[in-house]
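Chain and residue survey
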Amino acid sequence: MENDMTSLQVSAARRPITMKVFLRRKSTVAFLLALPLIVLVTTLVIYPALFSMYLATLNKSMERFVGLDNFTFLFKRETFWMVVKQSCIFAVTAVVFKAAIGFMLAHFVHTIPAKGQRKWRGMLLIPWVIPPAMSTLGWFWLFDPTYSALNWIFVRIGMDPVNWLGDPFWARFSVILVNVWYGAPFFLIMYLAALKSVPEQLFEAASIDGANWWQKIWYITLPMMRNIISITVLFSLIVTFSNFDIVRILTAGGPVDQTHVFATWAFNLGIQGNDIPLGASVSLFMLPILGIAAIFILRGVNKRGNEA
Amino acid sequence: MSQHSIAANSNVAPVQRSMQRSRRWALLWSYFFLVLFAIFFLMPPIYMLITSLKDSGEVSAVTNPWWVNRPTFDNYLALFRSSDYLTFFRNSCVIAVIVVVVTMLISIPAAFSLSRMKFWGSTTLATGVFLTYLVPDTLLFIPLFKIFAFINQTTGIELINHWWALIIIYPTLTVPFATWILIAYFASIPKELDEAALIDGAGYFQMLTKIFIPVAIPGIIAAMIFAFTVAWSQFLYPLAFTTSADQLVLPVGIVTTLIKGDVYNWGQIMAGALLGAAPPLVIYAFLMDYYIAGLTAGATKG
C-alpha cells in the first residue's frame with residue numbers, strides 16, 4: 001500500500017501531462033479497440049438481417065418490388081402452415097424434454113459421491129461435443145429402413161419394427177429424439193453448475209424438518225435455480241427453433257414435407273429452389289421468437305445492472 | 001447456540017439413520033438412471049464405431065448388428081488414401097485454426113475495451129453483442145448468399161464455392177459469444193491491477209498484453225475451444241456456399257460425397273464421421289474443465 005502511494009506520487013510528479021493526455025484519449029482508444037467487432041457485427045449480422053427483410057419484398061427474379069405478396073402467397077399454402085405447426089411442435093417438445101432430462105440427470109450426478117461425478121459428467125456430455133452433422137449420420141444409420149440396429153433390438157424383445165424415417169409420426173418423433181439426445185447434456189452441465197451453487201445446508205435443514213425429495217426440489221432447488229432455468233430454456237428455444245442440421249440430414253423435410261422446420265424449408269425454397277425472396281420470407285418467421293427472447297434478456301440485463 | 005445443539009443431539013440418532021437409509025435409496029436410483037442415460041447417450045457413437053470396423057459384406061449381413069465378427073481397419077485406411085477426404089480434413093483444419101485466430105484478434109481487444117474502458121455507447125454495445133449471438137445462421141444464410149452474388153457482380157471477387165470465403169463469415173458465429181465470455185473474465189480481474197499498471201507507466205496496449213491476457217488465460221482458452229468447435233461443426237454455411245468436392249469441409253463433405261445415390265458404404269461413412277468428430281472430442285478429453293467453463297460462462301455470467 002505504501003509502495004503504491006509513493007509510486008503514484010513519483011509518477012504523477014514525473015509526467016503529469018502524459019497522464020492527462022492518456023485519460024483524454026481513453027475513450028478514443030476504447031472505441032478503436034472495439035471497432036473490428038462493430039464492423040463485423042454491422043456488416044455481417046445486422047446488415048444481412050435487414051437486407052433479408054428487403055429481399056422478402058421482391059419477386060422471384062428480384063427485379064420488382066411486390067410488397068407483402070410473398071407473405072400472402074405463403075399464407076395461402078398448406079405446406080406453410082404445416083411447417084409453422086411442425087416448427088412449434090419440434091421446438092417446444094424438444095426443449096421441454098431436454099430441460100427435464102437435463103434437470104433429472106443433474107440431480108442424479110449431484111447425488112452420487114463427489115469423486116465419481118467428474119467421470120459421469122464427462123461421459124454424459126459427449127453427445128454435445130460431437131458435431132451434430134456427424135452424430136446425426138450415426139442416428140440416420142441406426143434408423144435405416146432395412147438394417148436398423150434399433151429395430152433389431154425391438155424384434156428381439158418382441159416388439160414390432162418401427163418405420164423410423166418413413167412414417168410421418170415416427171419421422172417427427174425421430175428428429176425430436178435426436179435433438180433431445182444432442183441438447184440434453186448441455187442442460188445437464190448448466191443445471192449441475194447451478195446445483196453446486198445451492199447451499200448444502202438448505203437441503204440438510206429440510207431433511208431434518210422431514211421434507212421428502214419432492215418437497216426439496218419444489219421448495220429449494222426450483223426457486224434457487226429459477227434464473228438459470230429460464231435463461232437456458234430461452235436460449236434453447238431459439239437454437240432449437242432455428243435448427244437445421246438434424247432435420248436436414250435425417251429426413252431433409254420428408255416424408256412429403258412433414259418434418260420441415262423453418263430453416264430447412266427456407267433452404268429448400270431459397271437455395272435449392274432458387275427463389276431467394278420466398279426463402280427469405282420463410283426464414284423471417286424465426287424473428288418473433290428472437291424478439292421475445294431479446295426483450296426477456298434485456299430485462300434481465302437491466303435487473304442485474306440495478307442489483308450490482 | 002449450545003442449548004440448540006444439545007436439544008438436537010437428543011434425537012439425532014433416528015433422524016440420522018432414516019437419512020442414511022433414504023440416502024442409500026437415492027444413490028441406488030441415481031446410479032440406475034445414470035447408467036440408463038449413459039447407454040442412451042453413448043449408443044450412437046458406439047454403434048458408429050462398431051459399424052466403422054466392419055467390411056461392407058458384414059454391414060449388410062443379417063447377423064447381430066451390435067457385434068463385429070471380422071474387425072477390420074480397411075474403412076479408415078481407405079479414407080486416409082482418399083484424396084477427397086484428406087481435402088475435406090485439410091479445409092476444415094485450416095478454416096478452424098484461422099477462425100480461432102481471427103476471433104481472438106477481434107474479441108480480446110473488444111472485450112478489453114468493453115469491460116474496462118468505457119466509451120459512449122459501450123454498455124449498449126456489450127448487450128448488443130450478446131443479442132447478435134442469438135441471431136441464428138439460418139436467418140442469415142439467404143441474405144449472405146445474395147450479398148455474395150452482388151459482390152461478385154460489382155467487384156468480380158467470387159465468394160461462392162470457395163472454402164476461404166467461410167473464414168469471412170464464421171467469425172460472425174464465434175466473435176459475439178467469445179467476446180461475451182471474455183468480458184466476464186476481464187471484468188472479474190481486480191481494478192487495482194490495472195491501476196497499478198497505469199501508475200507504473202504502462203500504456204493500454206501493455207496493460208492488455210502484460211496483465212489482462214496472462215491473467216485471463218483460462219477464459220481465453222475457453223473462448224478458443226468454443227470458436228474451434230463452432231468453426232469445426234458448422235454445417236449450414238458450407239452446405240449453402242460451397243459445392244465442388246475440393247472446396248468442401250468435413251461435415252458437408254461426408255454427407256454429400258460419401259453418400260452417393262443408393263449405394264451407401266456405411267462402414268466408410270461411419271469411419272469418416274468418427275474421424276470428423278475426433279478433433280473436438282480430443283480437445284474435450286484433454287481440456288474438459290476449460291470446455292465446461294466456456295459452456296457455463298455464457299449463461300451464469302450473462
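Residues numbered from 1 in each chain as written. Chains lettered and ligands numbered in written order. Predicted model: local features only at pLDDT ≥ 70, side-chain atom pairs only at ≥ 80, totals over all residues.

Points about the overall build of chain A
Looking only at helices and strands, chain A has 16 helices and zero strands in total. A buried classification covers 39% of the 308 residues belonging to chain A. For chain A, restricting intrachain contacts to residue pairs at least 6 apart in sequence, the fraction spanning at least 24 positions comes to 65%. (Helix = DSSP H or I, 4+ residues; strand = E, 2+ residues; numbered from the N terminus. Buried ≥ 20, exposed ≤ 12 C-beta atoms within 10 Å, placed from the backbone. Contact = placed C-beta atoms within 7 Å.)

Section: the overall build of chain B
Helices and strands together make up the secondary structure of chain B, namely 16 helices and two strands. Taking 302 residues into account, the globule formula puts the C-alpha radius of gyration at 19 Å, and chain B, at 26 Å, lies well above it. Overall, the C-alpha framework of chain B stretches about 80 × 60 × 35 Å when taken along its three principal axes. For chain B, long-range pairs separated by at least 24 residues make up 77% of all intrachain contacts whose partners lie at least 6 apart in sequence. (Rg over C-alpha atoms; globule rule 2.2 N^0.38 Å.)

Focus on the interface of chain A and chain B
Size of an interface: often given as the accessible area lost when the parts come together. Between chain A and chain B, the contact holds 81 residues from the first and 82 residues from the second. Tallied by class, residues from the side of chain A that touches chain B come to 64 nonpolar, 14 polar and three charged. (Nonpolar A, V, L, I, M, F, W, Y, C, P; charged D, E, K, R; others polar.)

Regarding the packing of helix 5 (residues 83–116) of chain B against helix 9 (residues 171–187) of chain B
All names here are of chain B. Contact pair helix 5 / helix 9: the axes reach a minimum separation of 8 Å and the direction vectors enclose 40°. It follows that helix 5 is oblique to helix 9 by the angle criterion. Handedness of the crossing formed by helix 5 with helix 9: right-handed. Contact residues: helix 5 offers Val99, Val102, Thr103, Ile106, Ser107, Ile108, Ala110, Ala111, Phe112, Leu114, Ser115 and Arg116, while helix 9 offers Pro171, Thr174, Val175, Ala178, Thr179, Leu182, Ile183, Phe186 and Ala187. Tallied by class, the residues present in the contact of helix 5 with helix 9 amount to 15 nonpolar, five polar and one charged. (Axes fitted to C-alpha atoms, helices over the stretch in contact; angles between N-to-C directions. Parallel < 35°, antiparallel > 145°, perpendicular 65-115°, else oblique. Left-handed = near helix turned anticlockwise from the far one by under 90°.)

Section: helix 6 (residues 122–134) of chain B
Residue and element names in this part refer to chain B. Its 13 residues place the ends of helix 6 19 Å apart at the C-alpha level, agreeing with the 18 Å of an ideal helix rising 1.5 Å per residue. Buried residues of helix 6: Leu125, Ala126, Val129, Phe130, Thr132 and Tyr133, and no others. Each buried residue of helix 6 sits inside an arc of 160° when the element is viewed along its axis, so together they form one side. (Expected span 1.5 Å × (residues − 1). Arc of directions from axis to C-beta.)

Comments concerning the confidence of the model for chain B
Residues and elements named next belong to chain B. In the predicted model, chain B carries a mean pLDDT of 85, and 91% of its residues have values of at least 70. For chain B, helix 1 (residues 2–10) is the element with the lowest average pLDDT, namely 48, and helix 5 is the one with the highest, namely 93. Scoring the predicted complex yields pTM 0.87 and, for the interface, ipTM 0.87. (pLDDT = per-residue confidence, 0-100.)

Concerning the domain arrangement of chain B
All names here are of chain B. In terms of domains, chain B is made up of domain 1 (2–52) and domain 2 (74–300). One C-alpha centre belongs to domain 1, the other to domain 2; they are set 38 Å apart. Of the residues lining the interface, four residues belong to domain 1; the matching set on domain 2 comes to seven residues. (Domains from an automatic or database assignment.)

Looking at the nonpolar core
In terms of nonpolar packing, the biggest core is built from 172 residues, with Ile181 and Leu182 of chain B touching the most fellow members. For this core, the leading source of residues is helix 9 (residues 168–196) of chain A, giving 17 residues. (Core = buried A, V, L, I, M, F, W, Y, C linked by C-beta atoms within 7 Å.)

What to know about the packing of helix 6 of chain B against helix 9 of chain B
All names here are of chain B. Between helix 6 and helix 9, the shortest axis-to-axis distance is 8 Å and the interhelical angle comes to 135°. Here helix 6 lies oblique to helix 9, going by the angle between them. The two elements helix 6 and helix 9 meet at a crossing, and its hand is left-handed. Judged by residue contacts, Ala126, Val129, Phe130, Thr132 and Tyr133 of helix 6 engage Pro176, Phe177, Thr179, Trp180 and Ile183 from helix 9. By residue class, the composition of the contact of helix 6 with helix 9 is eight nonpolar, two polar and no charged.

Side note on unusual backbone geometry
Non-glycine residue Val256 of chain A carries a positive phi angle of around 35°. For Val256 of chain A, the location among the structural elements is in the loop between helix 13 (245–250) and helix 14 (262–272).

Quick notes on the environment of Phe228 of chain B
Residues and elements named next belong to chain B. Along the chain, the position of Phe228 falls in helix 12 (residues 217–233). Once the C-alpha coordinates of Phe228 and Val252 are considered, the two residues, 24 residues apart in sequence, prove to be 17 Å apart. Once you skip the residues sitting within four places of it in the chain, Phe228 turns out to touch Ala96, Val100 and Ile283.

Quick notes on the environment of Phe141 of chain B
Residues and elements named next belong to chain B. The topology assignment puts Phe141 in helix 7 (residues 137–155). Among the residues examined, Phe141 registers 27 C-beta atoms within 10 Å and is labelled buried. Beyond its immediate chain neighbours, meaning those up to four positions away, Phe141 contacts Leu236, Tyr237 and Ala240.

A short note on the confidence of the model for chain A
All names here are of chain A. The predicted model of chain A has a mean per-residue pLDDT of 85, with 89% of residues at 70 or higher. For chain A, per-element mean pLDDT is lowest for helix 1 (residues 2–14), which scores 47, and highest for helix 6 (residues 126–129), which scores 94. Contacts from residues 1–13, a stretch scored under 50 in pLDDT, to residues over four places away or in other chains number seven contacts.

Description of the environment of Gln247 of chain B
Residue and element names in this part refer to chain B. Of note, Gln247 is situated in the loop between helix 13 (236–241) and helix 14 (250–258). Gln247 sits in the buried class, given 21 other C-beta atoms within 10 Å. Taking the C-alpha atoms as reference, Gln247 lies 5.8 Å from His162; in sequence the two are 85 residues apart. Setting aside anything within four residues of it in sequence, one finds Gln247 in contact with Asn161, His162, Trp163 and Thr242.

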